[in-house]
Amino acid sequence: MTASQQTPTRRGALVVVEGLDRAGKSSQCELLRDYLSEQGHNVKYIRFPDRTTPIGKLIDSYLRGSANQDDHSIHLLFSANRWELAKSIEQDIAAGITLIVDRYSYSGAVYSAAKANPTLSLDWAWQPEIGLPQPDICLFLSISAEEAAKRGGFGAERYENETMQTRVRGLFRTLFERQKNVCVVDAGKTLEEVSRDIQAAVAVCVAQLDTVGPLRTLGPLAN
Ligand code: FDM
Ligand code: MG
């Protein structure tokens, strides 16, 4: 077969996993990565914030509490941390790699808006996300406050407290009412059950990729 006769590479899927702290995001991302690789997919698992880049290092010291930042400024750094990886995300997807992304623009908008800063609304927070690669599916791992409490205490990082988590929960709900491609997963079930629910949702998404066409970009929030 000559090069021109080869079928073009089928693009990968952009799969985002979102949720509150202790919803099980990282474990589920790993299980999904292993499952998709076994199915023969070329797959990569990445997470935001990516704390390894120069911007990511600033974010890391902010989250650990060793540096302070203005709310808007740190918000834009979180967004810049996605923009600096946007090209490589596009390239991976075009090369047929399915990306599993642990947190994305949704955490970005919601955690910043949860600070209740009067000049940092959810709509303001969404603006810098416009134009970034749009996930083909966003799996929202939903757990109740009670279940989250059962899973253990808060960590030592910024945002890991009851007030923030309660606000974040409400804002995720508000944001996801204004978004397409969001699949709410009941993360209160066992690890295996949640994993099976995720696999089923991702299978449907992957099967639809040909009709969806090329990777899209995030647009303004719907009203
Ligand atoms: N977070 C994460 C933000 O505030 N904005 C963002 O854009 C992203 C991606 O960073 F509290 C918050 C959410 C969380 C913290 O995330 C670190 P991990 O997943 O717990 O490391
Ligand atoms: Mg955390």
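Just so we're clear, the structure is a prediction, and the values are computed from it rather than from any experiment.

What counts, and at which threshold
Residues numbered from 1 in each chain as written. Chains lettered and ligands numbered in written order. Predicted model: local features only at pLDDT ≥ 70, side-chain atom pairs only at ≥ 80, totals over all residues. Heavy atoms only, no water. Helix = DSSP H or I, 4+ residues; strand = E, 2+ residues; numbered from the N terminus. Expected span 1.5 Å × (residues − 1). Buried < 20%, exposed > 50% of the residue type's maximum accessible area, 1.4 Å probe, protein only. Arc of directions from axis to C-beta. Contact = heavy atoms within 4.5 Å. Pairing = 2+ DSSP bridges. Axes fitted to C-alpha atoms, helices over the stretch in contact; angles between N-to-C directions. Salt bridge = Lys/Arg side-chain N within 4 Å of Asp/Glu carboxyl O. Near = heavy atom within 4 Å. Polar contact = N/O pair within 3.5 Å; in protein donor to acceptor, adjacent residues only side chain to side chain. Areas by Shrake-Rupley, 256 points an atom, 1.4 Å probe, with all protein chains shown as cover. UniProt positions renumbered as here; feature names shortened; annotations may be inferred.

**Concerning helix H1 (residues 25–38)**
For an α-helix, 3.6 residues make a turn, and residues three or four places apart therefore share a direction. Taking 1.5 Å as the rise per residue, H1 with 14 residues should run 20 Å; its terminal C-alpha atoms sit 20 Å apart, in good agreement. Inspection of H1 places Lys-25, Gln-28, Cys-29, Leu-32 and Leu-36 among the buried residues, and these make up the whole buried set. Along the axis of H1, the buried positions cluster into a sector of 100 degrees, meaning they face one direction only. Those residues of H1 that are buried lie in contact with strand E1 (14–19), strand E2 (42–47), strand E3 (97–102), strand E4 (137–142) and helix H8 (191–207). Backbone geometry just after H1 places Gly-40 at a positive phi near 95 degrees.

**Observations regarding the sheet that holds E2**
Taken together, five strands build an open sheet; the order of strands is E2-E3-E1-E4-E5 and the sheet is parallel. Across the chains shown, the open sheet's two edge strands, defined by having one partner strand only, are E2 and strand E5 (182–186). Direction aside, neighbouring strands of the sheet carry axes that sit 20 degrees apart on average. Across six bridges, the pairing between E2 and E3 is parallel. Residue Arg-47 lies in a different strand from E3, and its bridge partner there is Asp-102. Its contacts with the sheet put H8 on E1, E4 and E5, and the angle it makes with E4 is roughly 165 degrees.

**Focus: the pattern of salt bridges**
Enumeration according to the criterion identifies 16 salt bridges in this entry. When salt bridges with common partners are traced through the structure, they connect Arg-51, Asp-60, Arg-64 and Glu-157 into a single cluster.

**A short note on the site of ligand 1**
Close to ligand 1 lie 13 residues, the nearest being Arg-51, Phe-78, Arg-82, Arg-103 and Gly-108. Arg-103 is positioned with one of its side-chain polar atoms (N or O) 2.7 Å from an oxygen atom of ligand 1. With the chains in place, 94% of the 480 Å² that ligand 1 exposes on its own is no longer accessible. At the level of elements, helix H3 (71–94) and helix H4 (105–113) are the ones that each hand at least two residues to the shell around ligand 1.

**Concerning the UniProt feature "domain: Thymidylate kinase-like" (unreviewed entry) in the protein chain**
Here the UniProt feature "domain: Thymidylate kinase-like" (unreviewed entry) sits at residues 17–198. Along residues 17–198 one finds 51% helix and 14% strand; the C-alpha atoms at either end are 10 Å apart.

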